[in-house]
Amino acid sequence: MNPFADLKEFVAIPAVTSLSLSPDGDWLAATVQALSPDAKKRVSSIWRVDPGGGPAVRLTRSADGESSPVFLPDGSLLFVSKRSDPDAAPSADTQSDKQALWLLPAGGGEARRVTAPAGGVSSLAAARDVHRYLLAVPALPGTSGDDADAGRRKARADAGVSAILHEGGGRVRYWDHDLGPDCLRLLVGEAEGGKPDGADRPRDLTSDPGRALDEQGFGLTPDGSLAVTGWAVPEEPGGTRVQVEVIDVATARRRTLLSAPGCDFENPSVSPDGRLVVAVRSEHDTYRRAGDVTLVLAPIDGSEADGPRDLLPGFDRRPAGAQWAPDSARVYFTADDNGRCPVFAVDVATGEVARITTDDAAYEGLCPAPDGRSLYALRSTVREPPAPVRIDLSDPGSGPVRLAGPAEPVQVPGCLEEVTATARDGAPLRAWLALPADASAQSRVPLLLWVHGGPVMSWNAWSWRWNPWLMVTRGYAVLLPDPALSTGYGHSFIERGHGSWGDKPYTDLMDITDEVITRPDIDAGKTAMMGGSFGGYMANWMAGHTSRFGAIVSHAGLWALDQMFGTTDGPAFWRRTFGRPATEPERYLANSPHLHAASVSTPVLIIHGDKDYRVPVGEALRMYADLTSLGKEARLLYFPDENHWVLKPGDARVWYETIFAFLAEHLHGQEWRRPELL
């Protein structure tokens, strides 16, 4: 069967989204998303995956799902869920819209609720050697303790108040949700012997931190005595930077471990011996240059003799997902590299970097085994969804071993090739090309150019939202290129497009498209272009700068840069690169698609969600108004309750159905057929 031929079947494919390894290394907890019984949403559950190859077993099941599994030392499992508490009196516990902390006993049996803060649980971590956990919990400002927070929430609800007051600049929204009125705090709690300690509620370690903990990673030392967390502080007017803080769990005293002007230190991780902290350091972009990314190592006691040092000097890739080896001698991490995302290891003492995986895959969710002999991870490629695998560290060249997972392997309806070209400035270019199996000189196929978002990212992994195989099974070839600004080709490749999106990123895309349409299996007379986010920007830019495509699809695209950079959820981020439009208009004038509306001659399908705060919906509304007022051919597919990605299964289906119909009309000359549910 081909699930790509039927959108209902495609959206029903289960997705493995995370892995966590038990302390003894005997099993993996995998988070799996699947369709709800009514097929209107996706719900997460936790499965047991056997490293030895046995079948996967589902551990949790509820209407609202479970996620974020974290192990305690005895093998019991913490997770978060909105499920109702079966032990509470019916009048005292109705199903909540807030996530609570739950515990699944190591020996099996029913899960029980550990704590249910009034604001819910955002994320969690646990110590390795003691039964102590750390929670990020939303709480209203000025409250002390959960009872006070619950009382304030009730007072707001009773008064019908939803207003949020922001002070001092910074973000007011993030991706698809408002920030506030509550702010995250870190709470520490105990679960002695795998059982919740009913005598004590979790203690607040970070009373009233403001927005310091938004989207920050955190953890505990193995003995649970110290918490280590990212911490956002004000920097430029309206902007922030992130430093790493160490908090004494006993006293709640906080000190700064890693901090530097113009840098973010994020996702800190403590070594198994409790001595060192590794974090990702990202330099802020400036008007003149793109910031670089590396791993930084620091003694947790802050000693100056062994002070913070760059763990990857000279490593010209962007590291992510750092995890310690069990002996604290190495750090494993991933980094985009030439259309892949392999696993690397760096020796803490020498700084020597070794590449662990050599296949064409992208890895994430690294889980080093406690005996140091294996590494578990989620592996995907452009042609394979993420699946749990085991990597033999004594013989990594033997390749990953796929474990029996919660989801069956998926067979894609075509083939994948790697293609290359040379940019007009001499830079090497590469892309993936997904093709129908029967494409040939005798059966040429139309070409879709798909441009990735970011823009600082790469086409190197499976995508549920932008899946080329849905197009391949309908007879299209799909080109997935990495133009200037893409990761995996060195810092200079990113610099080629810094602050000049309409220049080399655009010409790179045109150059590699020119190369691909010379293939005998491609119908050069039938080409279209699609993109989302930055790819949507590029769709809008191309619409005003070339007439070579028969149709253009722009999802969540940037149209008027001065407007977008002032209304997005992180204006300071973009202001660093493009400047202020009132005093530094040059880059806005050189790169804003809306200034070229009169030159658009290609039919355009504009798609946007109203809850998209990264690229606000005003971009689509203005673009649609601009084009239609000039008599241009444009349609607007609008989702009132979707965000940047369009996640609801039904909405995802009509998203694709509309694109299929639009392309069929303009590439194949078929009559426009409005999707039935629209």
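Everything numeric here is computed off the predicted structure, so don't read it as measured data. (Residues numbered from 1 in each chain as written. Predicted model: local features only at pLDDT ≥ 70, side-chain atom pairs only at ≥ 80, totals over all residues. Heavy atoms only, no water.)

### A few points about the overall build of the protein chain
Note the following rule: A run of H or I in DSSP counts as a helix once it spans at least four residues, and a run of E counts as a strand once it spans at least two, with each numbered from the N terminus. Burial classes follow relative accessibility: with a 1.4 Å probe on protein chains only, a residue under 20% of its type's maximum area counts as buried, one over 50% as exposed, and anything between as partly exposed. Whether two residues are in contact is decided by their heavy atoms: any pair within 4.5 Å suffices. All accessible-area figures derive from a Shrake-Rupley calculation using a 1.4 Å probe, and residue coverage is judged against the displayed protein chains alone. This count recognises Lys and Arg as positive and Asp and Glu as negative, with His and chain-terminal groups excluded. The atom standing in for a charge is NZ when the residue is Lys, CZ when it is Arg, CG when it is Asp and CD when it is Glu.
A tally of regular secondary structure across the protein chain gives 11 helices and 38 strands. Its C-alpha atoms give the protein chain principal-axis dimensions of roughly 70 × 60 × 60 Å. Evaluated residue by residue, the protein chain yields a buried proportion of 55% over its 678 residues. Taking contacts inside the protein chain between residues at least 6 apart in sequence as the whole, the part at least 24 apart equals 56%. When the accessible surface of the protein chain is split by element, carbon and sulfur atoms take 48% of a total near 27,800 Å². Charged side chains of the protein chain number 67 positive and 89 negative; the gap between the two group centres comes to 3 Å.

### A word on the nonpolar core
The line we're drawing: The criterion is simple. A nonpolar core is a set of buried Ala, Val, Leu, Ile, Met, Phe, Trp, Tyr and Cys residues joined through side-chain atoms within 4.5 Å.
Counting 56 residues, the largest nonpolar core has Leu479, Trp501, Met529, Met538, Met542, Phe565 and Leu627 as the members making the most contacts within it. Broken down by element, the residue count for this core peaks at 7 residues, all from helix α6 (residues 534–543). Beyond its immediate stretch of four places on either side in the chain, Met538 contacts Val451, Trp501, Pro505, Tyr506, Leu509 and Met529. If you look at the next biggest cluster of nonpolar residues, it comprises 40 residues, including Leu470, Met471, Val654 and Ile659.

### With respect to the sheet that holds strand β34 (residues 477–481)
Two strands in a sheet stick together by hydrogen bonds in their backbones, pointing the same way (parallel) or opposite ways (antiparallel). Note the threshold: Should DSSP find at least two bridges between two strands, the strands are regarded as paired. As a rule, the C-alpha atoms of each element are fitted with a line to give its axis, helices using only the stretch in contact, and angles between N-to-C directions run from 0 to 180 degrees.
Read from one edge to the other, the open sheet built from 8 strands follows the order β31-β32-β34-β33-β35-β36-β37-β38, with strand pairing classed as mixed. Sheet topology places β31 (414–422) and β38 (634–639) at the edges, where each strand pairs with a single neighbour. Between one strand axis and the next, the sheet turns through 20° on average, direction left out of account. Where strand β32 (residues 428–436) and β34 come together, 4 bridges link them in antiparallel fashion. By the bridge assignment for β34, Trp432 is matched with Leu480. Sheet strands in contact with α6 are β33 (445–451), β35 (522–532), β36 (551–555) and β37 (604–609), and its direction is about 130° off that of β35.

### Let's talk about the sheet that holds strand β29 (residues 384–392)
Spatially, 4 strands are ordered β27-β28-β29-β30 in an open sheet, and the strand pairing comes out antiparallel. Each edge of the open sheet is held by one strand with a lone partner, namely β27 (362–368) and β30 (401–402). Sheet topology note: the strand β28 (residues 374–381)/β29 ladder contains 7 bridges and is antiparallel. Looking at β29, one finds that Ser374 is bridged to Asp392.

### Overview of the packing of aromatic side chains
Our working rule: Only the six-membered ring of Trp is used, alongside the rings of Phe and Tyr, when aromatic pairs are assigned; centres must lie within 6.5 Å, and planes under 30 degrees apart are stacked while those over 60 apart are edge-to-face, with the rest tilted. Only lysine NZ and arginine CZ atoms are considered, and such an atom sits over a ring when it is within 6 Å of the ring centre and within 35 degrees of the ring normal.
A complete count under the given rule lists 27 aromatic pairs for this structure. Taking 4.8 Å as the distance between ring centres and 40° as the angle between the ring planes, the aromatic pair formed by Trp175 and Trp645 counts as tilted. A residue pair is termed long-range when its members are at least 10 positions apart, and Trp175 in the loop between β11 (173–174) and β12 (177–178) and Trp645 in the loop between β38 and α11 (649–668) qualify at 470 residues. Relative accessible area serves as the criterion here: at 34%, Trp645 is assigned to the partly exposed category. An angle of 35° between the planes, with centres 5.9 Å apart, marks the rings of Tyr656 and Phe660 as tilted. With Tyr656 and Phe660 both in helix α11, this residue pair falls 4 residues apart, about one helical turn. Comparing Tyr656 with Phe660, the two get one shared label, buried. Three or more aromatic residues link up through ring pairs in this structure, and these residues are Trp501, Phe534, Tyr537, Trp541, Phe565, Phe573, Trp574, Phe578 and Tyr588. In this structure, Arg614 packs its charged tip against the face of Trp175, placed 3.7 Å from the ring centre.

### Concerning the environment of Pro640
Inspection of the secondary structure assignment puts Pro640 in the loop between β38 and α11. Here Pro640 falls in the partly exposed class, since its relative accessible area comes to 48%. Along the primary structure Pro640 and Gly168 are separated by 472 residues, whereas in three dimensions their C-alpha atoms are 31 Å apart. If we skip the residues at most four places from it in the chain, Pro640 touches Asp610 and Lys611.

### Comments concerning unusual backbone geometry
For the bond running from Gly180 to Pro181, omega is 5°, close enough to zero to count as cis. Within the secondary structure, Pro181 is located in the loop between β12 and β13 (183–190). Cis rather than trans, the peptide bond between Gly454 and Pro455 has omega equal to 0°. Looking at the element boundaries, Pro455 is found in the loop between β33 and α3 (468–472). Even without being glycine, Asp208 reaches a positive phi, approximately 50°. Structurally, Asp208 can be placed in the loop between β14 (203–204) and β15 (218–220). Residue Asp208 is classed as partly exposed on the basis of its relative accessible area, which comes to 41%.

### Focus on the pattern of salt bridges
Here is the rule: Here, a salt bridge means any side-chain nitrogen of Lys or Arg that lies within 4 Å of a carboxyl oxygen of Asp or Glu.
All told, the structure shown has 37 salt bridges when counted by the stated rule. The partner of Arg576 in a salt bridge is Glu236, with the nearest N and O atoms 3.0 Å apart. You can see Arg576 sitting in helix α8 (residues 571–578) and its partner Glu236 sitting in the loop between β16 (226–234) and β17 (240–248), a full 340 residues away along the chain. On the basis of relative accessible area, Arg576 is assigned to the buried category, the value being 15%. By relative accessible area, Glu236 is classed as partly exposed at 24%. Across the salt bridge formed by Asp337 and Arg317, the nearest N and O atoms sit 2.7 Å from each other. In this pair, Asp337 sits in the loop between β24 (330–335) and β25 (343–347) while Arg317 sits in the loop between β22 (309–310) and β23 (319–324), placing the two residues 20 residues apart along the sequence. Pair check on accessibility: Asp337 and Arg317 agree, each one buried. What you see here is one network of salt bridges that share partners, running through Arg340, Glu418, Arg430 and Asp482.

Function cannot be read off these values alone, since they describe shape.
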